[in-house]
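Results of the structural survey
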Amino acid sequence: MGRVETIRRNHEENFSQTEKYIGITIPEHQNRLICRYDRRFLQEKAPLFEQRVAEGFIRECHGDLHLEHVVIGDDDVTIFDAIEFNERFRFGDVAAEVAFMAMDLEFNGYGAYADRFVKAYIRYSGDEKVQTLLNFYKCYYAYVRGKVVSFRLDDPDIAPADREAAKEMARRYFDLAYTCAARPERPV
């Protein structure tokens, strides 16, 4: 788990599953840049991914950590709806989990909270290398969310207004994936 081959398989699976949405929810030029970025990053950073495996950063995580799965109460935080049915998605780099939440905070207009969340993770974990992986995994999860929302378009019973809302939301996620792929690595 957490090896480059597994990451590559997950990412390539996403690319193949979204082919039918090119030109509908994701422009061809965005898809092309994201694919190139993803493949180049995996190749260039392969030693870092292997180092993270060796250093124990691959763990059983939530696997689907975004805002819809977090409830903040007066005195506590509850996280629910983990991916229990698929080890390939549940076991991964904690950097991916951090990036998923940061991506969703950014997507929903809470960029400052995303930065605070990542900084808090680094402060408590000492994991400075997450900064190198952050845009890569944010791109991946924005792409995943764009794909999942695009799947709604396959429902023949979806109302026209809901279809348009799904298209717009998917486009926004793909735009964020594109932005992350085009964004230079930066410290948080």
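A brief look at the structure comes next.

**Quick word on empty space enclosed by the protein**
Enumeration according to the criterion identifies two cavities of 30 Å³ or more in this entry. Considering only enclosed or pocket space, the second largest cavity measures out at about 40 Å³ in volume. H11, N14, F15, I34, D38, C139, Y140 and Y143 are the residues that line the second largest cavity. Those elements that provide at least two residues to the lining of the second largest cavity are α1 (4–17), α2 (28–44) and α7 (130–151).

**Some details on the packing of α7 against helix α8 (residues 160–182)**
In the contact formed by α7 and α8, the axes pass within 8 Å of each other and the chain directions differ by 165 degrees. As far as their axial angle goes, α8 and α7 are roughly antiparallel. Seen from above, α7 lies across α8 with left-handed handedness. Along the contact surface, α7 presents N135, K138, C139, A142, Y143, R145, G146, K147, V149 and S150, while α8 presents A166, M169, A170, Y173, F174, L176, A177, C180 and A181. Tallied by class, residues from the contact of α7 with α8 come to 13 nonpolar, three polar and three charged.

Conventions adopted
Residues numbered from 1 in each chain as written. Predicted model: local features only at pLDDT ≥ 70, side-chain atom pairs only at ≥ 80, totals over all residues. Heavy atoms only, no water. 1 Å grid on protein atoms, 1.4 Å probe; cavity = no way out; pocket = protein on both sides within 12 Å on 5 of 7 lines; lining within 4 Å. Points joined across faces, edges and corners; volume = space filled by probe spheres on them. Helix = DSSP H or I, 4+ residues; strand = E, 2+ residues; numbered from the N terminus. Axes fitted to C-alpha atoms, helices over the stretch in contact; angles between N-to-C directions. Parallel < 35°, antiparallel > 145°, perpendicular 65-115°, else oblique. Left-handed = near helix turned anticlockwise from the far one by under 90°. Contact = heavy atoms within 4.5 Å. Nonpolar A, V, L, I, M, F, W, Y, C, P; charged D, E, K, R; others polar.

Function cannot be inferred from these measures alone, as they are strictly geometric.
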